[in-house]
Structures are given as structure tokens and as C-alpha cells.
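# Survey of secondary and tertiary structure
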Amino acid sequence: MHKLKATNATRLLGFILLGLFLFYLSNTVDELRVYQGATVAMYVIAISSIILLTGYSGQVSLGHGALLAIGGYGAALVRNNFNAPIWIAFIAAILLAAFWGALLGATAARLSGPYLAGTTLALAVGLPSIANQFKFLGGEQGLIFDIGLPPAWLGQTFSQYKWFFWIAALTALIAMWWLQNLLRSGYGRTWRAVRTQSVAAELAGINIARSKILAFTLSAGLAGLAGAVLSMTISTVSPGAFPLSLSFALATGAVLSGVTTLGGVIIGSVTLVAIPEIADVVAHQVGASENATTNLPGLMVSGLLIVAVLFVPNGPVEQLKKKRSK
Amino acid sequence: MIRKNRRKLISASAVIAAGSMLLAATPAQAAEQGVSATSIKLGITIPMTGIASPGYNKIPGAMKAYFDYVNANGGVNGRKITLVVKDDQYIPTLAVAKANELILKDKVFALIGTLGTASTKAISRSAQLSARGIPSLFVNTGFSGFADKKAYPTSFSILPSYQMEAKVIGKYLDDNYAGKKIGLIYQDDDFGVDALNGFKQAGINFAIKVPYAAGSQGVAGVAGTWITKLQAAAPDVVILFGVSSATAAALGNAYAYKYAPKWILGSVGGDATTLAASKVPPAFLAGAKGLSFAPAPSDSADEYIKMFMDVNTTYNKGVAFDNNIVAGMTSAFLAVQAIKAAGPNLTRKGLMSAIEKGASTFANPALTPLGYSATSHVGATGYWIGTYDATGALKPDGGKYTVYTTDSGTGPVVLSNYKRPAMPAKGLPN
Amino acid sequence: MFQLLNTFLIGITAGSIYSLMAISMVLVWRSTRVVNFAQAGLAMLSTYFGYEIIHRFDSYWIALPVAMIAGALVAAGIELIFMRLLLKHSSQGAIASIAPIIATLGLLGLIKSIIGYFWGNQDVIIESPLSNVGFTIGTQTLALSPMKTFIIAAVVFMVLVLTFIFQRTNLGLALRASAYAPEISRLAGIKVDLVRTVGWALAGAAGGAAGMLQTANGNGALSPDSLEFSLLLAFGFIAAVIGGLDSLIGAVIGALLLGLVLAFVLTYVGGSLVFITAFVLLLVVLLIRPGGLISQKAGRRA
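Residues numbered from 1 in each chain as written. Chains lettered and ligands numbered in written order. Predicted model: local features only at pLDDT ≥ 70, side-chain atom pairs only at ≥ 80, totals over all residues.

### Quick word on the overall build of chain A
- Scanning chain A for helices and strands turns up 13 helices and two strands.
- For 326 residues, the compact-globule estimate of 2.2 N^0.38 gives 20 Å, and the C-alpha radius of gyration of chain A, at 20 Å, lies within 12% of that figure.
- Expressed as lengths along the three principal axes of its C-alpha atoms, the size of chain A is roughly 60 × 50 × 50 Å.
- Expressed as a percentage of the 326 residues in chain A, the buried residues total 55%.
- Considering only contacts within chain A whose residues lie at least 6 apart along the sequence, 78% involve residues at least 24 apart. (Helix = DSSP H or I, 4+ residues; strand = E, 2+ residues; numbered from the N terminus. Rg over C-alpha atoms; globule rule 2.2 N^0.38 Å. Buried ≥ 20, exposed ≤ 12 C-beta atoms within 10 Å, placed from the backbone. Contact = placed C-beta atoms within 7 Å.)

Have a look at this one:
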């Protein structure tokens, strides 16, 4: 089966080819799809941060939305106050979120599953109201996060959304490249060992707490980056953009992707973006009453979720692998 | 049967008229997005589900009902208005996504009635409404910023700002309760902070200010603590400047604790229908003061309210008639007037300049002057203050609407003698 | 002085309502090791059944037990249909920690949509059966009314009944045994699967009561998007985690603590600190006791 052994070089080539394909795609699809593409790229980063945390280090977060918020605000503050270029704003988002992630991770390392879920949930409920306590965070309406117009050399007809997509897609590709290398490294193996055989891992001299805190910190950094990309696509950052439902959506996306493999992350991301729109269309075609059109999208999304968890719990990629190995 | 046929006849002749007009016009001129010879497509994104949706999710239905009424009577310049509704759950990210679907996929002519400051701001920025010249009509937020033509050139306000409201309340307190101890319950976000600025300008000093976090009114026990705080400070007059669920919670707990100061209810939370449905007995509210810029939903003597009630019965399945229905129909009414004024050759630019040029004199239900001009996109510019009666309905004092007008800046609050233009026959565009 | 007393009473009443939700989370956690986010949806659906009864028979006192029975039946049904499938497919590996959460979130969404479809997204109203006006001492009014007294009494009664079931009956023994050692219990002849279903049913009944009492205590408004229910879920779960997810008494203590701390912070520190306070309280408790206030084992392994 494994005749073609993937090396670092071939994988890098794969990423570059994927990038070229996305570049080609961005020039052929219409503006709405380009905008949605940027959102997909945001989800790719955010969901992979959950995969790193849950699938590899075995920790559960129901409050990742809060970490995205920290990244979004960090990026906007740096951009607005120092007129920093976009990539510096993104790096600031990563560092700030990673810092808070490390603090949170230090607490989290002591907690088991549901207690950690409760803590992160309380964080996601509590954090947004902070924005109203400090004036520099802009209150309910939030801050502007304007990355500026696309450079002039791209031409007059080059749209703002295409520019968002290019930035988001490139960011996601770089993040994925880094993450898959990390997960293949000794760190990745350590995390897996800690998750599946924690006692054995401890006996083998692995510092479990430190390994978990590191995973939380890196996951938070990725989440912060996703938050910056999210804020870019809506050109603003406000507490309302990071509701509890975002945290839940990310956990959902991780399950749809398959929580133990990075390979399926695009599936979960596309599903999160596409399903509400598809459900909307179907609801309007089928639905006669207002009750039906209003509630059908929610029904379809929830139904799909339940079916996925019940029948494809480990995600489509793992499912395929299992089938092939049989 | 006859009526139906007549409607058909009217629409048929409208089609013919519009068709001949198109033929007469110079050929090959591309029509504006969302406009055809027989139709105009508008779009709204608003919370239809989610925690912010109760009440507001009635607005699109009310708009649709009025549009249907107009369509059934021949439409505007021969065009029928359709409204595409999207659910953004009050989440800015979703609001942008839905606005993009409306603009890029449904290809609407204009947005109308987007709700929430954060969502509206995000839509305006990210979807680049100004660069693309897409009108955003009558946004449902009291944030004064959207009336700023420089910052949001294609957005038009309708609601008076929270700051205006606070200034009007301040003036009322000065005139009637000088020297009394004043208390305030307010939402601790932009909504409340804008109001605090207005109260400050009006020179009001509070004996006690009770802030609450948005959403926390739903947490068991929270509203109870507001009342114990007020009881301890014992102000003579208490202003309730919160959303309707918070106002209902405050009044409900006050009733439970037999606490009865003089109440003044802000316009956002003071919807009589919502309060009547809560557990506050209407008699408890009797004598409280309330504000509005539109006529009270209970005022069936008002020609607009009467017409809206009829439209609501016929085209909206007679859902409970409240402030939200009035708000939705008012926006729809104003939109129809604007589209009519923009003429048969409808363009986005034309629509916006029609509002700038003429909307301050358009027929409309608001009891305060509209501030639209070439330099300003301010909608209603003030409030009338009335009293809740023993049935829980807000009634103008002495049967006459006393209207105060002001601005969102440092301008004074003045008593207005504005006379609203008469409603066109049957409430249809004339 | 009077303010102090009333703040205390507000905290106790709020805590009572959270404790019902916390208890139902604990019951489910003990029986299936699942944090049940659908609990808010179940409570809401039961309350809608109660609303229908009130609508038809005009009696809250018939509606309350009907809502509890309906809650029990629906919860048992969910356990039979969904949870057994779920545990069969995803009890191993990383997915086991997250699958139940996602599945119950999905159920929550499903229930909300179903309610919206049948009852619409607008508010319906449940009137409180008893007076909400507080008792009077001299010229002062207490933050305690006949309705609030009933709520506290109902919660105390239910906690006593549940404690009795758990401590003094064979069913209770089976519930406790299959929670801690399902394999051994099975060998000992306990029908573990059936016992699990019973655990869910008890939780469903407690949730139904929580929904009915909270709605009658609050604004009386009920809608599928009700803010009250989302918050009831979040705060009930936070209370259960504070108390320790394995303990019924812990759930009650956690809920009362949360209710009291919130009431005092809101009154004496800052009115807008609700959500932050809940988070900080949870964090402080878990930093001192990672397994909650009442935890059986000192350090749990994974």
C-alpha cells in the first residue's frame, strides 16, 4: 500500500501544488465563493487548532471562541495603534493568544475532561463582556480591522474579497505546513503517547503536565491566528463575533473533519460554510410556512451533526483508511 | 373574485405600462442590479433565531406584509417589491456572510433594516457598501454613527439615537422633577454608554446608577439585585434604559418587592405589548412615563396605526400588533415612498439622492421631523413623552403628542410644533 | 441590613433553580459519563408540554407533573435511541472525549428547531400559579414570595426524594454501582443498560421541573431561543462542575454557592460582573480542588 513514501520534499511539493490550485480557483469562481473561501481558510486554521488540542493531546475545549477573540483584538489593536503591516498584526495575534493559552493551559493540565470543558465554557461565556469594561476595546460595536485595499499592481478589477482570500489561504497553507511537520515530529508522538498511554508515558520520563501545557499554548496560538483572519474577513472585531455558538461550531467542525487526522480538516471547514447556505436554499424551496423556513436550516445542520457523530465518529478520512486496511 | 380580477388587471396594465416605458428608453442600458421592469428585490439580514431574536424576528414579516399590500395595489411605478430574508442570529460574522449572499447571490437592489450596531458596522465595512454604492436603508440601531454621511455614505438611519433619547429625558426631568433624586438602570455596553453621554450633556446627576451586563437579565436572581440596590438608595424617579426583557424583569421584580418609584421607560424597552405579556400587572405600570417617535401601537385613532393594523390582519396573519410591527411597517412605508420618489428609472444613486432631497417631507408615520438632507442621514430627530394608562398602553398626555426634538451632538432640546404630513389615500404611494 | 437579607434570599432562590439543572447534569454524567448539553433543550421541550397543558386545562399544578413525566420519557427515549448507538461507535480514542458533547449539542439544536417548527419562534407565556409579591415584615418587603417559597420547597423535596432513591433503594444501589463499576455490576446481575436509561429519565424529570419553575419565576416568557434556558444550561453546568460532577449533594452545594456569590457580587461589587464572576469562581474552586468541591477521588486519571 505504501509504495510511495511521502518525504518532506514531496509533501512540500504537495502544499505548493495546492496553493497553485487555489490561486487558479480564485481567478475562476465568483466573488461570493471567493469570500466564502476566505471563511473556509479561517475555519481550517481554527479547526486544526482543535485537532491539535483534542485529537493529539486529548484535552477538550469548548471555549476556543474566546482564544479567537484574543487573537482578533490583538491583531486589530496592533494594526490600529502602530499602523503595523498585516503580517505583523497576524504574528501579534498568535503571540497574544499563545500567551493566554499558556496561562489557561497551566490550569487546564490539572483538570480532566468534563471539568476542563466546564472551565473553557465558562471562559467563552465570560470573556466577551470584558470588551465593555475597557474603553480601548471599543465596546459592543468593537474595533475596525482594516487591512487596506489590495496593492495597486494587482489591477483595478482585483476585488477586496479576492485579496482577503489570498491572504487567508496563504496563511492557512503556511499554518498547515508547520502543523503537519510538528505533528510528525517527536512532539506529536509524545502527545499521542500522553493521550493514549498516560501512565506508560509518565514512566518513560515524559512530563505530562508540560506536554499538555505546550499543546494548549500552540493550539491557542493557532486559534489566535484564526481569530485575526476572521476579523479580517468582517473588517471589524467585536464581542458578538465570538459567541458560544462559534466555539461549538469549531468543535463540530473538528468532529466532521475527524478529530485525529489533519487530512480531513478541509471537509469540516467546507461543511461549516456550505451547509447553512444549502439548508437555506432547501428551506426556501420546500418550506411553505414561516416556521418551516426559519427552523429548517437549524434542523438540517443538527441532524447532519448527529448522523456524523453516530456513524462516522472518527471522520471520513479515518473511515476510508479503515475500509482500505480491511 | 371581482377584486382579484381587478388586481390582475391593474398588474397587467402596470406591466404593459412599464414595458412600453422600457421600450421608449434608450436600448442596451443595463438595468440596475435587483431591478427589473416588474420587480424590485430588497434584502434584510436580522436575527430570526438565537437569543436576540424574540420580538425583532417579527420585523421582516411586518415589512413583507406592507410590501404585499402595496404590490396587491399595483406596486411602485409598476414594480412589485420582494424582500429576501436572511437569519444572522445577531452574530456579526454571520451578518456579513448573509449580506454577501444577499448582494452577490440574490442580487438585491438594496439592504434594508439590518439590526445591531456591530453587525451593521461589519456589513458596511466588509461588504464595502460605500465603494459599491449599495444603499443600506433604515438600519435598526440607535447608534448615531450610521447617520454620519462621511463615514457611512450609503447608510440611512431611522431610529433617533440613544443620545437624543437621553437628552430628551434629561430635559423632561429638568422641567418636571428638578431637585429630585434620580436613579438609572442601564445596559453596560454602547447602548448604555451612549445614553450616559446624553444624560451627562443634559446635566443629570444620578443618586444611583445600576449597570447590568447585556444578557445577564436572563440569569436567575440578577434583576432582583437591581431592585434591592434601588431600594437602598431610594431615588424618587427611576429611568429604565434597557432592552425589553430587562425592562420587564426590572418591573416584575419591583412589583414583587412592592417598590414603586416614578418610572420612566426608555423607548427600546418600553414596548407596551411586550410588557403586557410579561407578569407585570398593567395597573402597576399606570402613571409611568414612556417615549416613542412613532405613534403608540395602541393608538388605533392614528390613521397610520389603523392602516398598519388592517395590513397586519390581511397580510401578516394578524400576529400580535406591537412596536416591532410598527417599526417594520414604518421602514417599509418610507422605503416605498423613497422608491416612488426615485422615479421610473430606478437606480441606487437615484434612490439615495431621492431620500436626501425629499425624505424630510415624505409622508410617514413618525411624529418627529426626519433629518434627511444632502449632508445628513439622520432619521427621526426626537421623541414624544407620554404616560402609560391602567391598561398598559402608552398614551399622549392630554390626548396631544408633545414632541421634543434635538440632535446627537451638543444641540439643545426644543419643544417641536412639527405637523406630520397627511397619510396618502389608503396608505399607498401617491 | 435588610438589603443583606434580601441579597441572601435572592441568592438562595437562584441557587435552587440552578441546582435542579445541575442535578440533572450530574444524574446523566453518573449514569453514562456524558455531559449532556441537550438538557436545556429537554427542559425547554418539557416546559412546552407543560404550556400545552396549561393552555388546555388552565392548571399549572397539572402541568408541572406532566412536564416532569414528559421530560423523563423523552430523556429515556434519547438514551435508548441515540446514546446507546453513540457509545457503541465512539467509546474509544480521542473521539470519546468529544463525541458525546457534540452529539448532545446536535440534539439541543434539533430540539430547538423542532420546537420552533411546532410552536413558532415567538414568546408564549406561562403565568405563575402563586403570587410573586414578597412577604412583608413591618414596612419592608422580603425577596421571598409564595412562588419563591414553593420553588425552594420543591427543590428541597426533590433532593430528598433523589437522596432516598440513591441511598435506600435497590434501584439506587444499582445506579451507584453501575456508575462506578459497570463491568462488575453487569457480572453481579445488574441490568446496567436499563439502569442507565433510568438515570436519564430521572434527569429528564428534574430538567422538566427546572424549566417549569424557572419560567414561572422569571418573566414568564418561553421561546425556543429563550435566553433564560441557554443561561440555565451554562450556569447549571458550571454549578455541577463546581460541586463535583459525581455528587448530587455537590451539585446542590455548587449551585447554592454560585447563586449566593453572584447575588453578593452584583449587589456589593459591580452590577455587570455576572459572567466574569461565574468564570472566576469556577477557576478558583478548580485550582484548589480539580475535581470539584465534593470529589470522591483525590486525583483522577484521565
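Moving on, there is more to tell.
### Here we look at the overall build of chain C
- Secondary structure summary: chain C contains 11 helices and four strands in total.
- Across its three principal directions, the C-alpha atoms of chain C cover 65 × 50 × 35 Å.
- Burial status across chain C gives 61% buried among its 302 residues.
- A separation of at least 24 residues holds for 73% of the contacts in chain C among residues at least 6 apart in sequence.

### Quick notes on the interface of chain C and chain A
- Opposite the 46 residues of chain C that make contact, chain A presents 44 residues.
- Those elements that provide at least two residues to the side of chain C that touches chain A are α3 (60–89), α4 (95–119), α9 (227–243) and α11 (274–288) of chain C.
- Considering only residue class, the side of chain C that touches chain A consists of 30 nonpolar, 13 polar and three charged. (Nonpolar A, V, L, I, M, F, W, Y, C, P; charged D, E, K, R; others polar.)

### Structural notes on the packing of helix α10 (residues 244–257) of chain A against helix α11 (residues 265–286) of chain A
Residues and elements named next belong to chain A.
- Packing of α10 against α11 leaves a shortest axis separation of 7 Å and a crossing angle of 130 degrees. By the angle class used here, α10 and α11 are oblique. For the pair α10 and α11, the crossing hand works out as right-handed. Contacts between α10 and α11 involve A249, G253, A254, L256 and S257 from the former and V265, I267, G268, S269, T271 and L272 from the latter.
- Residue composition of the contact of α10 with α11, by class: six nonpolar, five polar and no charged. (Axes fitted to C-alpha atoms, helices over the stretch in contact; angles between N-to-C directions. Parallel < 35°, antiparallel > 145°, perpendicular 65-115°, else oblique. Left-handed = near helix turned anticlockwise from the far one by under 90°.)

### Considerations on α9 of chain C
Residues and elements named next belong to chain C.
- Its 17 residues place the ends of α9 24 Å apart at the C-alpha level, agreeing with the 24 Å of an ideal helix rising 1.5 Å per residue.
- Summarising burial for α9: 17 of the 17 residues are buried, a large majority.
- Positioned one or two residues after α9, G244 has a phi angle of 105 degrees, which is positive. (Expected span 1.5 Å × (residues − 1).)

### Observations regarding the confidence of the model for chain C
Residue and element names in this part refer to chain C.
- Chain-level statistics for chain C give a pLDDT mean of 88 and a share of 96% at 70 or above.
- Here residues 298–302 is modelled with pLDDT under 50, and outside its nearest four sequence neighbours on either side it reaches five contacts, counting other chains as well.
- Two numbers describe this predicted complex: its pTM, 0.88, and its ipTM, 0.88. (pLDDT = per-residue confidence, 0-100.)

### Remarks on the sheet that holds strand β4 (residues 136–139) of chain B
Residues and elements named next belong to chain B.
- Strand order in this open sheet of five strands is β2-β1-β3-β4-β5, and the pairing throughout is parallel. The open sheet terminates on both sides in strands that have one partner only, identified here as β2 (80–87) and β5 (155–157). Mean inter-strand twist for the sheet, computed between neighbouring axes without regard to direction, equals 25 degrees.
- Examined bridge by bridge, strand β1 (residues 39–46) and strand β3 (residues 110–112) share two bridges and lie parallel to one another. The partner of L42 across the bridge, within β3, is A110.
- Helix α3 (residues 92–105) rests against β1, β2 and β3 of the sheet, and its axis sits at about 170 degrees to β1. (Pairing = 2+ DSSP bridges.)

### Quick look at the interface of chain B and chain A
- Counting residues at the interface gives 28 residues for chain B, matched by 26 residues for chain A.
- Going through the elements one at a time, α3, α4 (117–126) and α7 (190–201) of chain B are the ones with two or more residues in the side of chain B that touches chain A.
- No other element matches α3 of chain B, which puts eight residues into the side of chain B that touches chain A.

### A short note on the nonpolar core
- Core analysis: the largest hydrophobic core is formed by 367 residues, its most contacted members being I45 of chain A, Y66 of chain B together with I238 and A278 of chain C.
- Top contributing element to this core by residue count: helix α2 (residues 31–56) of chain A, with 16 residues.
- Mapping this core onto the domain boundaries places at least three of its residues in each of domain 1 (2–160 + 299–380) and domain 2 (162–292 + 383–427) of chain B.
- Sequence-distant contacts of I45 of chain A, that is, excluding residues within four places in its chain, are made with T171, A172, A175, L222, L225, A226 and V229 of chain A. (Core = buried A, V, L, I, M, F, W, Y, C linked by C-beta atoms within 7 Å. Domains from an automatic or database assignment.)

### A closer look at the packing of α2 of chain A against α10 of chain A
Residue and element names in this part refer to chain A.
- Relative to each other, α2 and α10 sit at 75 degrees, their axes nearing to 9 Å. With respect to α10, the axis of α2 lies roughly perpendicular. Contacts between α2 and α10 involve Y43, A46, I47, I50, I51 and T54 from the first element and L250, A251, G253, A254 and S257 from the second.
- Of the residues in the contact of α2 with α10, the class split is eight nonpolar, three polar and no charged.

### Let's talk about the pairing of strand β7 (residues 208–212) of chain B
All names here are of chain B.
- Of the strand pairs in this sheet, strand β6 (residues 182–187) and β7 are connected by five bridges, and their pairing is parallel. Bridge assignment links G183 to a residue of β7, and that residue is I208.
- Read as a crossover between parallel neighbours, the route from β6 over α7 to β7 is right-handed. (Right-handed = clockwise from strand over helix to strand, strands pointing away.)

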